[in-house]
Amino acid sequence: MKILVTVKRVTDYERKVKISPDGLSLVTEGMNFVPNPFDEIAVEEALRLQKAHGGEVVVISIGHKDASKEIRQALAMGADRGIHVIAEELDPDAVARLLMKIVEEEKPELVIMGKQATDDDANQAGQLLAGYLGWPQATFASKVEGLDSEAEKAQTPGVVIAGGEATVIREIDGGLETLKLKLPAIVTTDLRLNHPRFASLPGIMKAKKKPIKEVPVASFGVDITPKVRNVKYAEPPARKAGVKVADVAELVNKLKTEAKVI
Amino acid sequence: MSGPDYGEEHEQLRRTLRGFVEKEITPFVEAWEEAESFPRALYQKAADIGLLGLGFPEALGGTMSDPFATIVACEELARSGSGGVAAGLMTHTIAIPPIVALGSDELKERVVKPVLRGEKIAALAITEPSGGSDVANLRTTARKDGEHYVVNGSKTFITSGMRSDFLTVAVRTGGPGMGGVSILVIDGDTPGLDRTPLKKMGWWASDTATLYFDDCRVPVTNLVGDEDQGFFGLMLNFNHERLSIAGTAYAFAKVCFDEALAWAQERQTFNKPLIKHQVIRHKLVDMATQLASTKAFLEHVARLLKAGEQPVAEICMLKNTATRCMEYCAKEAVQILGGAGYIRGQKSERIYRETKVLAIGGGAEEIMKELAAKQLGW
Ligand SMILES: Cc1cc2nc3c(=O)[nH]c(=O)nc-3n(C[C@H](O)[C@H](O)[C@H](O)COP(=O)(O)OP(=O)(O)OC[C@H]3O[C@@H](n4cnc5c(N)ncnc54)[C@H](O)[C@@H]3O)c2cc1C
């Protein structure tokens, strides 16, 4: 089975993001970048499915020329090869239409993507891609047994593939929902699908020799003019210092009169 | 991490190790230190990510690397704040290099491979109750008797000595002095081998033992390299071991500094943060100064090693520079933390107790100076 996985280069969630003085962009200078954590879960799921069903895992990143690092990281985890579409920051719609071209050429049976990227949290690319391709989709894939389960310890995939169908458990507000999709299909991953493995040192060395195909964005003939314009970035309002209360009565009183939550 | 010495693979190694240490070590350090042990399963997990194989040949299950990868590994392992876990987990890095360099294929297959897979634990036993600095005069004897050596004597202060499956032991097979020393691999279950645990100032999570050999019969095939040529084999190890000790000392110094800096920014006295008192911020500058110069020296020596040089005098001086930097930073960090620095639970408290072992083990400070002087022809 051929599986395509997407990996986005995002700002390190452990570092504080700074906004440029004009409020129009984020300061990338001196910023650390990492693979989108949801995408690492996607890579892990793809590798587990490959172990169970054979085939190939192809990693795609669309973005900055340095995103080859994030592809290399996925290759170090065990993926087979990479495709790097070198482009400036794009909106999810452009990303989905570029991915569609790659899917048409690569013809995978499954595309696994993070449910969203931790930088802009758009949560759109997977759904848009499914829409453009006319493929079934299951977003927010999760593991029914949970992350502390024996199934997770045994590195069992959460997505079950059988008889040309994928069975996906997804998180919804009221609990869990089970979907069956005809392949080919799109799956996006939630946090509780798996614990991604660490790239092992031998994996890191092997990845140096794995191929990454670089493709300029212009070669796809896709109109990437943004449909979404970033108007302004602003920091969330600073949290006020807390206060100490003497007893429960005062707490209840403050919750009623000041916080107005009860 | 920056500069031409570190490539993308070093960055990936750092990322893997950081995640591994955060997930598999740091949350358990307090408990393991108090229990004076850590689970054997950690060896397996460390093998799975390739940590145990770092720097060993691929044919034996390792991954070749360079001195900068060693530095990265030292830095990341130190972040847990426990030198004992790192020392216990990594004893094979001193125990198996002589086997890798000089051992038979059978020993590599039976000893090195399972150790790098994390299935077996290896320890190095050189130091004796009668002395550790003067290795050439060690007293444990191995007398040949047919297809066996009969080993008698004792070793002490041996890291992982209690639970190691294999011991790389320096023994006397010939006459006095360095020309009579050989290396034997002794299986942990050899009859006549007794072990007793030792309590220590620091490194609690790693076990340390005295070993007694009473007519232990060891197959001659367990000889590593040639008879009476063992001293050379032991020396082979020292450059890398001392670079690792220096990297580790630097890394723990940095952990102390980071803890002290965060504390000084947070803690208020006399209505202002500690760091706003000149005395305290100057302490921090002194620490940062020592860290910066130690790191520059460390990377300089790593560059020489990477270029294939054997900078013995520099390595001796580096080891002393780095362990002093650690002693200084640990001392000042505890001081900046005040009473809290004396209470268990702070990294600096533990690291303070772990400074001396690095200044004594792997060649004590005084011995390093003498060796450097000799190398310089003085
Ligand atoms: C926690 C811990 C773990 C250890 N793990 C291991 C291990 O795994 N394997 C192993 O083989 N050993 C191990 N050691 C032993 C360590 O290598 C020795 O302690 C060290 O080599 C010093 O030997 P010694 O203790 O016998 O001191 P000695 O050799 O007796 O020296 C005592 C002091 O005198 C100084 N001195 C000695 N000779 C001279 C001289 N000629 N001129 C000036 N000063 C001198 C020394 O520098 C030292 O300060 C460990 C030690 C510790 C504390």
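The rules behind these values
Residues numbered from 1 in each chain as written. Chains lettered and ligands numbered in written order. Predicted model: local features only at pLDDT ≥ 70, side-chain atom pairs only at ≥ 80, totals over all residues. Helix = DSSP H or I, 4+ residues; strand = E, 2+ residues; numbered from the N terminus. Rg over C-alpha atoms; globule rule 2.2 N^0.38 Å. Contact = placed C-beta atoms within 7 Å. Buried ≥ 20, exposed ≤ 12 C-beta atoms within 10 Å, placed from the backbone. Domains from an automatic or database assignment. Nonpolar A, V, L, I, M, F, W, Y, C, P; charged D, E, K, R; others polar. Axes fitted to C-alpha atoms, helices over the stretch in contact; angles between N-to-C directions. Parallel < 35°, antiparallel > 145°, perpendicular 65-115°, else oblique. Left-handed = near helix turned anticlockwise from the far one by under 90°. Near = placed C-beta within 6 Å. Expected span 1.5 Å × (residues − 1). Core = buried A, V, L, I, M, F, W, Y, C linked by C-beta atoms within 7 Å. Pairing = 2+ DSSP bridges. pLDDT = per-residue confidence, 0-100.

Points about the overall build of chain B
Here is step 1: Scanning chain B from terminus to terminus reveals 14 helices and ten strands.
Here is step 2: Over its C-alpha atoms chain B spans a radius of gyration of 21 Å, differing by no more than 12% from the 21 Å that the globule rule assigns to 378 residues.
Here is step 3: For chain B, the C-alpha atoms occupy an extent of roughly 80 × 45 × 40 Å along the three principal directions.
Here is step 4: Pairs at least 24 apart in sequence give 74% of the contacts found in chain B among residues at least 6 apart.

Points about the overall build of chain A
Here is step 1: Looking only at helices and strands, chain A features seven helices and twelve strands.
Here is step 2: Taking the principal axes of the C-alpha coordinates as reference, chain A spans close to 65 × 45 × 40 Å.
Here is step 3: Burial statistics for chain A: of 262 residues in total, 39% are counted as buried.
Here is step 4: Residue pairs in contact within chain A that sit at least 24 positions apart in sequence constitute 73% of those at least 6 positions apart.

Thoughts on the domain arrangement of chain B
Residues and elements named next belong to chain B.
Here is step 1: Each domain of chain B was delimited in the assignment, giving domain 1 (8-116), domain 2 (122-231) and domain 3 (238-375).
Here is step 2: Using C-alpha coordinates to define each centre, domain 1 is positioned 23 Å away from domain 2.
Here is step 3: With 25 residues of domain 1 at the interface, the matching set in domain 2 holds 19 residues.
Here is step 4: Within the residue set of the side of domain 1 that touches domain 2, elements represented by two or more residues are α2 (29-35), α5 (83-89), α6 (92-95), α7 (97-102) and α8 (105-116).
Here is step 5: With five residues, α5 is the largest single contributor of residues to the side of domain 1 that touches domain 2.
Here is step 6: A class-by-class count of the residues in the side of domain 1 that touches domain 2 yields 13 nonpolar, nine polar and three charged.

As for the packing of helix α3 (residues 92-106) of chain A against helix α4 (residues 125-133) of chain A
Residues and elements named next belong to chain A.
Here is step 1: The geometry of α3 relative to α4 is characterised by a closest axis approach of 8 Å and an angle of 50° between their N-to-C directions. Compared by their axis directions, α3 and α4 come out oblique. For the element pair α3 and α4, the recorded crossing hand is right-handed. Judged by residue contacts, Pro 92, Asp 93, Val 95, Ala 96, Arg 97, Leu 99, Met 100 and Val 103 of α3 engage Ala 125, Leu 128, Leu 129, Tyr 132 and Leu 133 from α4.
Here is step 2: Looking at side-chain class alone, the contact of α3 with α4 contains eleven nonpolar, no polar and two charged residues.

Considering the environment of Val 59 of chain A
Residue and element names in this part refer to chain A.
Here is step 1: Here Val 59 lies in strand β4 (residues 56-63).
Here is step 2: Looking at Val 59, the number of C-beta atoms within 10 Å reads 29, which means it is buried.
Here is step 3: C-alpha separation for the pair Val 59 and Ile 224, spaced 165 residues apart in sequence, amounts to 21 Å.
Here is step 4: Residues contacting Val 59, with those up to four places away along its chain left out, are Val 5, Val 7, Val 43, Ile 71, Ala 74, Leu 75, Ala 79 and Gly 82.

A look at the site of the ligand
Residues and elements named next belong to chain B.
Here is step 1: Neighbouring the ligand are 21 residues; Ile 126, Gly 132, Ser 133, Thr 159 and Ala 364 lie closest to it.
Here is step 2: Looking at side-chain class alone, the shell around the ligand contains eleven nonpolar, seven polar and three charged residues.
Here is step 3: Residues lining the shell around the ligand come from more than one domain, with at least three contributed by each of domain 2 (122-231) and domain 3 (238-375).

As for helix α4 (residues 67-78) of chain B
All names here are of chain B.
Here is step 1: Over its twelve residues, α4 runs 17 Å from end to end, which matches the ideal 16 Å to within 8%, given 1.5 Å per residue.
Here is step 2: Most of α4 is tucked away, with twelve of its twelve residues classed as buried.
Here is step 3: For α4, the complete set of buried residues consists of Pro 67, Phe 68, Ala 69, Thr 70, Ile 71, Val 72, Ala 73, Cys 74, Glu 75, Glu 76, Leu 77 and Ala 78.
Here is step 4: Those residues of α4 hidden inside the fold are in contact with α1 (8-25), α5, α9 (230-266) and α10 (278-306).

Considerations on helix α1 (residues 37-53) of chain A
Residue and element names in this part refer to chain A.
Here is step 1: With 17 residues, α1 should reach 24 Å at 1.5 Å per residue; the first-to-last C-alpha distance of 24 Å fits that figure.
Here is step 2: α1 sits mainly inside the fold: twelve of its 17 residues count as buried.
Here is step 3: Turning to α1, its buried residues are Phe 38, Asp 39, Glu 40, Ile 41, Ala 42, Val 43, Glu 44, Glu 45, Ala 46, Leu 47, Arg 48 and Leu 49.
Here is step 4: Phi turns positive one or two residues past the end of α1, at Gly 54, with a value near 75°.

Focus on the nonpolar core
Here is step 1: Core analysis: the biggest nonpolar cluster contains 172 residues, and Val 5 and Val 59 of chain A together with Leu 184 and Cys 329 of chain B have the highest contact counts within it.
Here is step 2: Among the elements that take part in this core, α9 of chain B stands out by supplying 15 residues, more than any other.

A word on unusual backbone geometry
Here is step 1: Note that the residue after Leu 183 of chain A, namely Pro 184 of chain A, is joined by a cis bond; omega there is 0°.
Here is step 2: One can find Pro 184 of chain A in the loop between β10 (175-182) and β11 (185-189).
Here is step 3: One non-glycine residue, Lys 260 of chain A, adopts positive backbone phi at about 55°.
Here is step 4: Residue placement: Lys 260 of chain A occurs in the segment after α7 (248-257).
Here is step 5: Phi at Asp 228 of chain B takes a positive value of approximately 70°, unusual for a residue other than glycine.
Here is step 6: Examined against the element boundaries, Asp 228 of chain B turns out to sit in the loop between β8 (223-224) and α9.
Here is step 7: On the basis of neighbour counts, which here come to 16 C-beta atoms within 10 Å, the residue Asp 228 of chain B falls in the partly exposed class.

Looking at the pairing of strand β6 (residues 110-114) of chain A
All names here are of chain A.
Here is step 1: Of all five residues in β6, five are buried; the element is thus mostly enclosed.
Here is step 2: Both faces of β6 are covered, namely the face carrying Leu 110, Ile 112 and Gly 114 and the face carrying Val 111 and Met 113.
Here is step 3: Pairing geometry for strand β1 (residues 2-6) and β6, over three bridges, is parallel. Across the sheet, the residue bridging to Leu 4 is Val 111, located in β6.

Some details on the confidence of the model for chain B
Interpreting fine coordinate detail is not advised for predicted regions of low pLDDT.
Here is step 1: Of all residues in chain B, 99% attain a pLDDT of 70 or more, and the chain-wide mean is 96.
Here is step 2: Interface confidence for the predicted complex, expressed as ipTM, amounts to 0.87; the pTM equals 0.91.

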